[in-house]
Amino acid sequence: MIEKIDFHYTDDITVVNREQFDVHVRLYEGYVNSINKIDEELNTDAGRKEANTTYGKFRDLKRGETYALNGVILHELYFQNIGGKTSEPDLLTSRMISRDFGCVSDWIEDFVATAKASRGWAVLAFEQRSGRFRNVSLDSHDLGNIAYYAPVLVLDMYEHAYFLQYADKKADYINFFMSNINWDVVGERIKF
Ligand SMILES: [Fe+2]
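The shown structure was predicted, so the numbers you read here are calculated from the model rather than taken from an experiment.

Student: What should I look at first to understand helix 7 (residues 183–190) in this one?
Tutor: Along an α-helix, a turn takes 3.6 residues, which lines up residues three or four apart on a common side. Along helix 7, the positions that sit buried rather than exposed are Trp-183, Val-186, Gly-187, Arg-189 and Ile-190. Buried residues of helix 7, viewed axially, fall in a sector of 160°; they line one side. Summarising the contacts, the buried residues of helix 7 are in contact with helix 2 (57–80), helix 3 (91–101), helix 4 (104–117), strand 2 (132–138) and strand 3 (149–156). The N-terminus of helix 7 is capped by Asn-182, whose side-chain oxygen sits 3.2 Å from the backbone nitrogen of Asp-184.

What follows is the structure, given as structure tokens:
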């Protein structure tokens, strides 16, 4: 059983207001409920005997499993990496970003573009196969993930993340996010 993390709005969160934040947390909690229901179903016969690639209960459960679990994980990473009191990355984080993107401002330009191009998530991640950081674009919780990578910064680009507050001002949401990153959290994630 996966336990919900209790996320509460705090004064250091400036990227979204309380109303937008609270609605979003409820959506996250829905994903936790979903993965727990799916896990429960997978503990039964779950239609395994009829499993096939076209249609069926077992296939639906396996599709739902990665969708709901990634929905939980990505939302937790997102809520944890906003707010805080640090406005810039620490030296180690800056060096690692600069090594793979040229400099921090070049990384920002690429990350913002990645966010604008994403229907689901923009993720700064360490990709183990190449041994480097990449800005990864996900169109959905289960669409666009690299098989072997470690997310260190996550931005929710689904419209539900910002539309209540920003409406169609998507660029404003992204810019306010960039100035409200909890770099302490990102710095800890980079120390694998
Ligand atoms: Fe979301």
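Student: Is there a simple way to explain the sheet that holds strand 2 in this structure?
Tutor: Each strand in a sheet pairs with another by means of backbone hydrogen bonds, the pair being arranged parallel or else antiparallel. With antiparallel pairing, 3 strands are arranged side by side in an open sheet as 2-1-3. Single-partner strands in this sheet number two, and they are strand 2 and strand 3. For this sheet, the mean inter-axis angle between neighbouring strands, taken without regard to orientation, is 25°. Looking at chain direction, strand 1 (residues 121–127) and strand 3 are connected through 7 bridges and run antiparallel. If you follow Val-123 over to strand 3, its bridge partner there is Val-154. Of the strands in this sheet, strand 1, strand 2 and strand 3 are in contact with helix 2, which crosses strand 3 at around 70°. Sitting on the sheet, helix 3 touches strand 1 and strand 2, and the angle it makes with strand 2 is about 80°.

Cut-offs applied
- Residues numbered from 1 in each chain as written.
- Predicted model: local features only at pLDDT ≥ 70, side-chain atom pairs only at ≥ 80, totals over all residues.
- Heavy atoms only, no water.
- Buried < 20%, exposed > 50% of the residue type's maximum accessible area, 1.4 Å probe, protein only.
- Helix = DSSP H or I, 4+ residues; strand = E, 2+ residues; numbered from the N terminus.
- Arc of directions from axis to C-beta.
- Contact = heavy atoms within 4.5 Å.
- Polar contact = N/O pair within 3.5 Å; in protein donor to acceptor, adjacent residues only side chain to side chain.
- Pairing = 2+ DSSP bridges.
- Axes fitted to C-alpha atoms, helices over the stretch in contact; angles between N-to-C directions.

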